[in-house]
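Take a look at the letters that make up each chain.
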Amino acid sequence: MTQLCSRCGTQIIDAAGPCPGCLWTEEADLLLADRWRLHEEIGRGATGTVYRAIDTTNDRQVAVKILADDLIDDDASRQRFRREAAALERLDNPHIIAIYDHGVWQDVPYLVMELVDGAPLSASMPLSIDSVLDIGIQICSALAYAHGRDIVHRDLKPANILIDSAGQVKIADFGIARLIETNETGWTVTSADQTSGTPHYMAPEALEGSSIDPRSDIYSVGVVLYEASEGKLPIGRSAPAPWPLEPILNTAMQPEAEQRYSSIREMERDLRKNATDNANPGLPPDERVWLRSVAVLLALATAAAIWAVMVSLTPRILAVAEISPLTMFPPRQLPDGRFVSMARFETLPILGAAAMIAIGLAGYGLLRQHWRRNGLDRPNSTSSLDARYLVGIGAGLMLLYFGGRLIEPFGYRVSTYIPVIAGILEFGVVFLFWDHALECIRTSRPIGKETTLWLGVGLAVLPPCVEFFTYVTNWSH
Amino acid sequence: MPQPQLFPATRWTLILASRNSSAERRSALEELLATYWKPLYVYARHCGFSDTDAQDAVQGLCTRLLEREFLRDLDPERGRLRSYLRTAMRNYLHNEHERAHAAKRGGGALVFSIDEDTDKSILTTSGSTPEAAYDRAWALTAFRKALDRLEAEYRSSRQKTPFEVVARFFDPAQEPPSISETATSLSISGGQLRVALHRARARFRTLLLEEAADTVETSTSAEDEVGELLRSLQQ
């Protein structure tokens, strides 16, 4: 026989137990302090529960935090509640949760705070590097503000960092925040409650109960950002954070406070710099080595190709034995029996150049594959390459060549080593060209629009071209 | 902490997602079947099966669902576990139970055990149709689970307001006690007792929503599911 609840008409499970229908439906939302109408639970921690609530004076939605039932008579917990209220009252920052009211209603301590339409950071990890940088900057900015008012958070963790629907960070739970110095309220960092917090995110000195200062928060931010990026805590032999976060988080998470950033502003500055750079993501040093290696291969291939062309197009006087019918047009014979060859298929140089090109292309292909697999090829066309030094080398080569020509009429002669120096510089230009070209390919930038790069290449290429053209022209006559 | 409660990965979505390992999916399904086998039993009974045959049918279906092939072929478009299991049971009873019963399947882990005392109200749930009885049994199972969790939470912590006191305020068999008298007997303020009652109700809602969320896809509202379950109990 089915039993129905006499109050709500729901079928009851157990005649001796509570009616689930009444528990679910009964209209008994609590009116706290004659103003705040409490609704459903939206957050829960060891020390308290947060409810969505309505401010009945203006229908605004708020969040009301109430001390846990088993702690409601605990003096330390009640003091901690007051401390959180006092800390939040001192802080008015868009990235720190705002407090609207606090007090004790019928012996129940409560805090009324801003209701954030979003989710904790812990719900969305891991994040992209761009997002981690963005969130890191916002966290640092909020903490810099708090530290500027002598407040250390001491319990930063992803669950206490809320991200609203607009992507704005809101730092919550200042329950164990402390004033750094004694002030008129009489609060200071004391031994009591010093090891409160969440161990994985706590700086070593905080775990040991040593003195707390803003650098403890810097450590916690490092751990939070690592976890936000990797989706796991930096415990044991954890992988390094991805570039460009790695050096910043490494500094932030130094075991010795003295070796960390001296202020959260410094960390924020580094994050901002990298956020800007990340729009034009530079390669980490170990990745630069691979790019340069491939640039060297491509430069060697280019040099080999130029050499093969020059060798093939340079006029030569050949002995009869050197005539090869398959690799040259019928040459013109000189009166002394030798032959004039204006152009030939120089087998070894050309095949050697082809082999070099093949090696260079293979390296290039592997590099592209590596970039794709590791997410290093990111489109970006907003910034330009810094190819000014390439222009400098080009200008130097122009000076070497044309300067030498200009001083010749005055009886001066340039050093016989100049061609060697010029050759090395020319190879450097080819290398730098490929270095920049690969970077353009990686960031999907149109290389044709890199005017500085082309100016440098033009300046560097002009002297050997003029030299070669002059040589060939003079030889013909 | 204040943010809307989220139910990110539910067990039903974990089962539906083929990218998860089959061991993970099987374990999640096993856990859900261990809770929700009772509505299947009720359904079979309302289809005219005897107690033993209904138990056999539940056993046979659960064994089948936990087979590797079932997980491999599971359609990720499935909506709710409740409707999926009801359809699976109906098909099983129509197509395979006779054969399976004759062969007396063996080897499968028994995922349920009938305890007439604790589950009586659920196992004897009535309804105008097998489907209605199934839905009611399902709702009672979910409500029972949430209530058990709430009680366990109270028992595991040093609550100033014990579960028995909270339960008295929601006991359908008696008028709610007086707030002031109860508060005095517990040596707490009336406000503390009111907060405690709100706390219990809000916590029960959260736990019930979690239970419901575990059987629906993330996109489906757990609130809707609870609303439907409640309606099935009030018909």
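1. Quick look at the overall build of chain A
Working step 1: Counting its secondary structure elements, chain A contains 12 helices and 14 strands.
Working step 2: Buried residues in chain A amount to 45% of all 477 residues.
Working step 3: Here the analysis covers contacts within chain A between residues at least 6 apart in sequence; of these, 62% occur between residues at least 24 apart.
Working step 4: Carbon and sulfur atoms provide 59% of the accessible area of chain A, an area that totals close to 23400 Å².

2. Overview of the sheet that holds strand β14 (residues 339-341) of chain A
Residue and element names in this part refer to chain A.
Working step 1: Across the sheet, 3 strands lie side by side as β12-β14-β13; this open sheet has antiparallel pairing. Sheet topology places β12 (316-318) and β13 (332-333) at the edges, where each strand pairs with a single neighbour.
Working step 2: In the sheet, β12 pairs with β14 via 3 bridges, with the strands oriented antiparallel. Its bridge partner lying in β14, L318 is registered against F339.

3. Observations regarding the interface of chain A and chain B
Working step 1: Taken together, the 64 residues of chain A in the interface contact 52 residues of chain B.
Working step 2: Applying the counting rule to chain A against chain B returns 2 salt bridges.
Working step 3: For R203(B), the salt bridge goes to E41(A), with nearest N and O atoms at 2.6 Å.
Working step 4: Applying the counting criterion to the chain A and chain B interface returns 8 residue pairs in polar contact (both at pLDDT 80 or more).
Working step 5: Listed by contribution, the elements that provide at least two residues to the side of chain A that touches chain B are α1 (20-25), β2 (36-44), β3 (48-55), β4 (60-67), β6 (108-114) and β7 (118-120) of chain A.
Working step 6: Residue composition of the side of chain A that touches chain B, grouped by class: 35 nonpolar, 15 polar and 14 charged.

4. Examining the packing of aromatic side chains
Residues and elements named next belong to chain B.
Working step 1: Tallying each qualifying case throughout the model produces 9 aromatic pairs over all chains.
Working step 2: Between the aromatic rings of Y36 and W138, the centroid separation amounts to 4.1 Å while the plane-to-plane angle is 15°, which identifies the pairing as stacked. Here W138 lies in helix α7 (residues 130-156) and Y36 lies in helix α2 (residues 22-46), a separation of 102 residues in the sequence.
Working step 3: Relative accessible area serves as the criterion here: at 1%, Y36 is assigned to the buried category.
Working step 4: With a centroid separation of 5.9 Å and 85° between ring planes, the pair formed by Y43 and Y134 is classed as edge-to-face.

5. Considering the pattern of salt bridges
Working step 1: The final tally for this structure, using the stated rule, is 32 salt bridges over all chains.
Working step 2: Put simply, K65(A) and E84(A) hold a salt bridge, and the shortest N to O gap is 3.0 Å. Of this pair, K65(A) sits in strand β4 while E84(A) sits in helix α2 (residues 75-90), and the two are 19 residues apart along the sequence.
Working step 3: Under the relative-accessibility criterion, E84(A) is labelled buried at 2%.
Working step 4: Salt-bridge contacts for R86(B) lead to D135(B); the nearest nitrogen and oxygen are separated by 3.0 Å. Residue R86(B) is found in helix α5 (residues 81-103), and its partner D135(B) is found in helix α7; the two are separated by 49 residues along the sequence.
Working step 5: Given the relative accessible area of 21%, R86(B) is considered partly exposed.
Working step 6: Ionic contacts of the salt-bridge type, sharing partners, join the residues R82(B), R86(B), D135(B), E225(B) and E228(B) into one network.

6. Describing the confidence of the model for chain A
Working step 1: Per-residue confidence for chain A gives a mean pLDDT of 83; residues scoring 70 or more make up 89%.
Working step 2: Mean pLDDT per element in chain A: strand β11 (residues 178-179) of chain A is the minimum at 61, and helix α9 (residues 347-373) of chain A is the maximum at 93.

7. Quick notes on the pairing of β6(A)
Residues and elements named next belong to chain A.
Working step 1: With 7 of 7 residues buried, β6 lies mostly within the body of the structure.
Working step 2: Here strand β5 (residues 99-105) pairs with β6 via 6 bridges, running antiparallel. Paired with W105 across the two strands is V108, which belongs to β6.
Working step 3: In this antiparallel pair of consecutive strands, β5 and β6, the connection spans 2 residues, and Q106 shows a positive phi of 45°.

8. Concerning the sheet that holds β4(A)
Residue and element names in this part refer to chain A.
Working step 1: Strand order in the open sheet made by the 6 strands is β1-β2-β3-β4-β6-β5, with antiparallel pairing throughout. Looking along the sheet, the strands with just one partner apiece sit at the ends: β1 (31-32) and β5.
Working step 2: In this sheet, β3 lies alongside β2 in antiparallel orientation, the contact comprising 6 bridges. Across the sheet, residue R37 finds its bridge partner in β3, namely I54.

9. Points about the side chain of R260(A)
Residue and element names in this part refer to chain A.
Working step 1: Structurally, R260 can be placed in the loop between α6 (245-252) and α7 (264-279).
Working step 2: Within the structure, the side chain of R260 is placed 3.1 Å from the backbone oxygen of P255, a separation counted as a polar contact.
Working step 3: If we skip the residues at most four places from it in the chain, R260 touches A203, P204, E205, R215, S216, Y219, T251, A252, Q254 and P255.

10. Side note on a nonpolar patch on the surface
Residue and element names in this part refer to chain A.
Working step 1: Judged by side-chain polarity, L406, I407, F410, Y412 and V414 come together as a nonpolar surface patch covering roughly 540 Å² of accessible area.
Working step 2: As for its placement among the helices and strands, L406 is situated in helix α10 (residues 388-407).
Working step 3: With relative accessibility at 60%, the residue L406 sits in the exposed group.

11. Side note on the pairing of β3(A)
Residue and element names in this part refer to chain A.
Working step 1: Among the 8 residues of β3, 7 are classified as buried, and the element is accordingly described as predominantly covered.
Working step 2: Linkage of β2 to β3, two consecutive antiparallel strands, is achieved through a turn of 3 residues.
Working step 3: With 8 bridges joining them, β3 and β4 adopt antiparallel strand pairing. Its bridge partner lying in β4, V50 is registered against K65.
Working step 4: Counted between consecutive antiparallel strands, the loop separating β3 from β4 contains 4 residues, among which D59 sits at a positive phi close to 65°.

12. A look at the packing of helix α10 (residues 190-213) of chain B against helix α11 (residues 222-234) of chain B
Residue and element names in this part refer to chain B.
Working step 1: Contact geometry of α10 with α11 gives a least axis separation of 8 Å together with a crossing angle of 100°. The angle between the axes of α10 and α11 places the two elements in the roughly perpendicular class. Listed contacts from α11 to R205, L208, L209, A212 and A213 of α10 are A222, E223, E225 and V226.

13. What about the environment of S131(A)?
Residue and element names in this part refer to chain A.
Working step 1: Tracing the backbone through its elements, the reader meets S131 in helix α3 (residues 129-148).
Working step 2: Given the relative accessible area of 29%, S131 is considered partly exposed.
Working step 3: Separated by 97 residues in sequence, S131 and A228 have C-alpha atoms that sit 9.0 Å apart.

Conventions adopted
- Residues numbered from 1 in each chain as written.
- Chains lettered and ligands numbered in written order.
- Predicted model: local features only at pLDDT ≥ 70, side-chain atom pairs only at ≥ 80, totals over all residues.
- Heavy atoms only, no water.
- Helix = DSSP H or I, 4+ residues; strand = E, 2+ residues; numbered from the N terminus.
- Buried < 20%, exposed > 50% of the residue type's maximum accessible area, 1.4 Å probe, protein only.
- Contact = heavy atoms within 4.5 Å.
- Areas by Shrake-Rupley, 256 points an atom, 1.4 Å probe, with all protein chains shown as cover.
- Pairing = 2+ DSSP bridges.
- Salt bridge = Lys/Arg side-chain N within 4 Å of Asp/Glu carboxyl O.
- Polar contact = N/O pair within 3.5 Å; in protein donor to acceptor, adjacent residues only side chain to side chain.
- Nonpolar A, V, L, I, M, F, W, Y, C, P; charged D, E, K, R; others polar.
- Phe/Tyr/Trp six-rings, centres within 6.5 Å; stacked < 30°, edge-to-face > 60°.
- pLDDT = per-residue confidence, 0-100.
- Patch = residues over 30% accessible without salt bridge, like charges linked within 9 Å, V, L, I, M, F, W, Y side chains within 5 Å.
- Axes fitted to C-alpha atoms, helices over the stretch in contact; angles between N-to-C directions.
- Parallel < 35°, antiparallel > 145°, perpendicular 65-115°, else oblique.

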